[in-house]
Structure formats: structure tokens, C-alpha cells
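Summary of the model geometry
Now for the letters of each chain:
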Amino acid sequence: MPDLIEKKTAAKIPAQSGSSAPAPKPEKARSLGSDAWEELRRRPIFLISAALILVLIVMTLVPGLFTSVDPRAGDLRNHYLSPPNYSHFFQADWFGYDGQGRSIYSRVVHGARASIIVGVCVTAAVTLTGGFVGMMAGYFGGWTDTILSRVTDVFFGIPLLLGCLVVLNAFTDRTVWSVVFALTVLGWTQMARVMRGSVITVKQADYVTAAKALGAGTGRILLKHILPNAIAPVIVVATIALGGYIATEATLSFLGIGLQDPTISWGIDINSAQKVIRTAPFALFFPAGMLSLTVLAFIMMGDAVRDALDPKLR
């Protein structure tokens, strides 16, 4: 009998010690977005481009933090094409003066607003327009796909720069919003094609078939299942295209068909500087360099996002 009691007691000891140990917590499921963010945080190219874009956004929203000089104020008597004074950091003469005696540094700072607004607004508009058209064409197929694809092909066949020249000629007052309208009308086709191909791939997945079998409506399938899983390629293309739209706006302004005075734009300053490029090359170098740096920052950001969202490229 005592042996039996000792055996029962010994059997209870491991059970008690085992029950007192805390149960391991289940690991939290990670989404594609969280995995991509963890990947981006370790990439120097993303950190550099994000820092540049952050500075540009602050420069767009609060240019007074960088300069208090009026970018439209000129002094032909004292500052006509005065060379830069590189020892005067963040002062009016840091980058020199243009042909009208205006501070090039101040105009470079204030010129970021028009370019960033055009780039962001056009990217948002073409992503919404092209994403909707591509999602409808890819999901429904049939005649819907045929009609929308042929319309997309018609607009895709129009060169973007040439088409914008024609559209903007219809405006007597070419402002930021007229340039946004012209680029949106002709620039949504790439997003539509990318979204259509992505939706065609996603709609064949098992979870979409299961949702249809359970009686889910078309709207719920598109918003809850199709869109979240098909949007990644569109985000990558949109990020890279944003820099292209900024460059296109500057090109249109350089050709004299885009933004006009009194709007401050890097393209306008590059156009004005070409007349004095031999005597004052700095008047062309600084706005052109800022434009190139901005476009490069967004392209670098797009490349980093692409590598993070595509597991095959990790």
C-alpha cells in the first residue's frame, strides 16, 4: 500500500511541474505588408530615397523653413547673373542669381511645390482610373474586357508628351491643375494594363473560387479578395511612374507649353537658363540638378518597393 501511494505521488510531481510552466504563445501571422516593411527597413537604397523624399515633402509644404527670400523678387542693378557664393549657406546668393536678378536658391526651393503636387496628383488619378478600368476588364472578361482593352489601346497609342502638347493647347491659362488633367487623361493606360494582368492571375486562386461558392457578391469579392492581392504590382509601377510624371511636367514647362509664370517651376527656370548657359551655367545646373535628384529618389524608392513586394527578388 505505501508503495502504491509513493508511485501515485511520483506520477503527480511531473504533471504539476509541467502544468506550472507557461504555454508557448502562438506566433502572430505576418502579412505581405509587414514582411515588405521589414525588408525595406534593411535596405540602404530605401532609407536614402525615403530621406530625400521626406525633405522634398517638407520643402513643398513649408518652404519658409529653407528660405525667406521672395523667389519672384528681382534686382537687375546689383544681382544680374551674379555667381554663386558657396560660403553663404541657405542665403539668397548661395546658388547665385538668374537673368532677372532672382535668387536661384529660393526658386529651387519654391519650385519643388509645383513638381511634387503634379507628380502626386497625377499618380493618384491615373492609379484610380487605370486601376478601376484594369480591374473591371480582368475580372469580368468577355465583351467587357474586349471593349475596355481596345479603348486602352487607343489611348496607349498616343505618345504622352505629344498628346499633352495637344491637350494643353486647349487651355488659355495653364496652371498646375491643367497639367494634372492632361497627364491623367493620357497616362492611365499603363496602370490599366498592369492591373488587368494582375487581376487575371488573382481571380483564378482557390480563395476566390471558394468565395464565389459561398455566395459572396461581386463587390465583396473585388474589394476583399481581388484588390488586396492584385494591388502590389500597381503600387510598384505607380511609385516609379511618379518620378516620370515630374520629369514630364518639367519637360512641358521647358517647351513653353506646361506651367507658366507666375508659377515657379524647375522646367521654367531651365528654359530661362538656356539663354545664358555660356555665361552663367550655374543658372541651369541647380534647377536641373534638383529635378534629376527628385526623379532619382522616386525611382530608387520604386525599385526598393518592387524588390520588397516580390519574394522572388529577395
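The rules behind each value
Numbers given for residues are sequential positions, taken from 1 along each chain in its written order. Whole-chain, interface and lining totals are the exception, using all residues; otherwise, since this is a predicted model, local features are given only for residues with pLDDT of at least 70 and side-chain atom pairs are given and counted only at 80 or more. Note that the side-chain values use all heavy atoms of the structure and ignore hydrogens as well as water. Going along the chain from the N terminus, every DSSP run of H or I of four or more residues is numbered as a helix, and every run of E of two or more is numbered as a strand. The rule is simple: take the accessible area with a 1.4 Å probe, protein chains only, and divide by the maximum for that residue type; under 20% is buried, over 50% is exposed, in between is partly exposed. We define a nonpolar core as any set of buried Ala, Val, Leu, Ile, Met, Phe, Trp, Tyr and Cys residues linked to one another through side-chain atoms lying within 4.5 Å. Residue contacts are counted whenever heavy atoms from the two residues lie within 4.5 Å of one another. In the analysis that follows, any N or O atom pair within 3.5 Å is treated as a polar contact, provided that within protein one partner can donate a hydrogen and the other can accept it, and provided that, for residues neighboring in sequence, both atoms belong to side chains. Convention adopted: a line fitted to C-alpha atoms gives each axis, helices being fitted over their contacting stretch, and angles between N-to-C directions are expressed from 0 to 180 degrees. An angle below 35 degrees is treated as roughly parallel, one above 145 as roughly antiparallel, one from 65 to 115 as roughly perpendicular, and anything else as oblique. Crossing handedness is defined as follows: a turn of the near helix away from the far one that is anticlockwise and smaller than a right angle gives a left-handed crossing, while the clockwise case is right-handed. Put simply, Ala, Val, Leu, Ile, Met, Phe, Trp, Tyr, Cys and Pro go in the nonpolar bin, Asp, Glu, Lys and Arg in the charged bin, and everything else, Gly too, in the polar bin. Per-residue confidence from the predictor is given as pLDDT, running between 0 and 100. The span you would expect from a helix comes to 1.5 Å times its residue count less one. Note that the arc is computed from the directions linking the helix axis to the C-beta atoms. When a carboxyl oxygen of Asp or Glu lies within 4 Å of a side-chain nitrogen of Lys or Arg, that pair is called a salt bridge.

**Thoughts on the environment of G157**
Tracing the backbone through its elements, the reader meets G157 in the loop between α5 (142-156) and α6 (160-168). Once the C-alpha coordinates of G157 and T189 are considered, the two residues, 32 residues apart in sequence, prove to be 9.5 Å apart.

**Focus: unusual backbone geometry**
Cis rather than trans, the peptide bond between D261 and P262 has omega equal to 15 degrees. Tracing the sequence through the fold places P262 in the loop between α11 (232-254) and α12 (266-273). In the Ramachandran plot, F90 falls in the positive-phi region, its phi being about 60 degrees despite a non-glycine side chain. Note on placement: F90 falls in the loop between α3 (44-61) and α4 (104-140). Accessibility expressed as a relative area gives 48% for F90, which makes it partly exposed.

**Section: the nonpolar core**
In this structure, F95, I104, V108, I246 and L291 are the most contacted members of the largest nonpolar core, which totals 38 residues. Those elements that place two or more of their residues in this core are α2 (32-41), α3, α4, α11, α12 and α13 (282-309). Leaving out residues up to four positions away in the same chain, I104 has contacts with F95, G96, Y97, D98, F282, A283, F286 and P287. With 37 residues, the next largest nonpolar core counts A192, V199, A238 and I268 among its residues.

**Re the side chain of S178**
Note that S178 resides in helix α7 (residues 176-187). From its side chain, S178 meets the backbone oxygen of T175 in a polar contact 2.7 Å long. If we ignore the near neighbours within four places in the chain, the residues touching S178 are L168, F171 and D173.

**A few points about the packing of α6 against α11**
With their axes 11 Å apart at the nearest point, α6 and α11 run at an angle of 55 degrees to one another. In terms of axis orientation, α6 runs oblique to α11. Two packed elements cross with a definite hand, and for α6 against α11 that hand is right-handed. Here L160, L161, C164, L165 and L168 of α6 lie close against α11, whose contacting residues are Y245, T248, T251 and L252. Class assignment for the residues of the contact of α6 with α11 results in seven nonpolar, two polar and no charged.

**Examining the confidence of the model for the chain**
On average, residues of the chain score 85 in pLDDT, and 88% of them are at 70 or above. Below pLDDT 50 for its whole length, residues 4-19 participates in zero contacts with residues either more than four positions away or in separate chains.

**A look at α5**
Along its 15 residues, α5 runs 21 Å from first to last C-alpha, staying within 8% of the 21 Å computed at 1.5 Å per residue. Of all the positions in α5, only D145, S149 and T152 are classed as buried. Down the axis of α5, the buried set is contained in an arc of 60 degrees. They therefore lie on one face. Turned more than 90 degrees off the buried face of α5, the exposed positions are W143, I147 and V154. The secondary structure elements touched by the buried residues of α5 are α4 and α8 (189-202).

**A look at the pattern of salt bridges**
One pass over the structure, following the stated rule, counts eight salt bridges. Here D269 and R107 are joined by a salt bridge, their closest N and O atoms 2.9 Å apart. With D269 in helix α12 and R107 in helix α4, this residue pair connects regions lying 162 residues apart in the sequence. Across this residue pair, the class does not change: D269 and R107 are buried.

**Description of the environment of F89**
Looking at the element boundaries, F89 is found in the loop between α3 and α4. Each C-alpha atom of the pair F89 and Y105 lies 10.0 Å from the other, and the pair is 16 residues apart in sequence.

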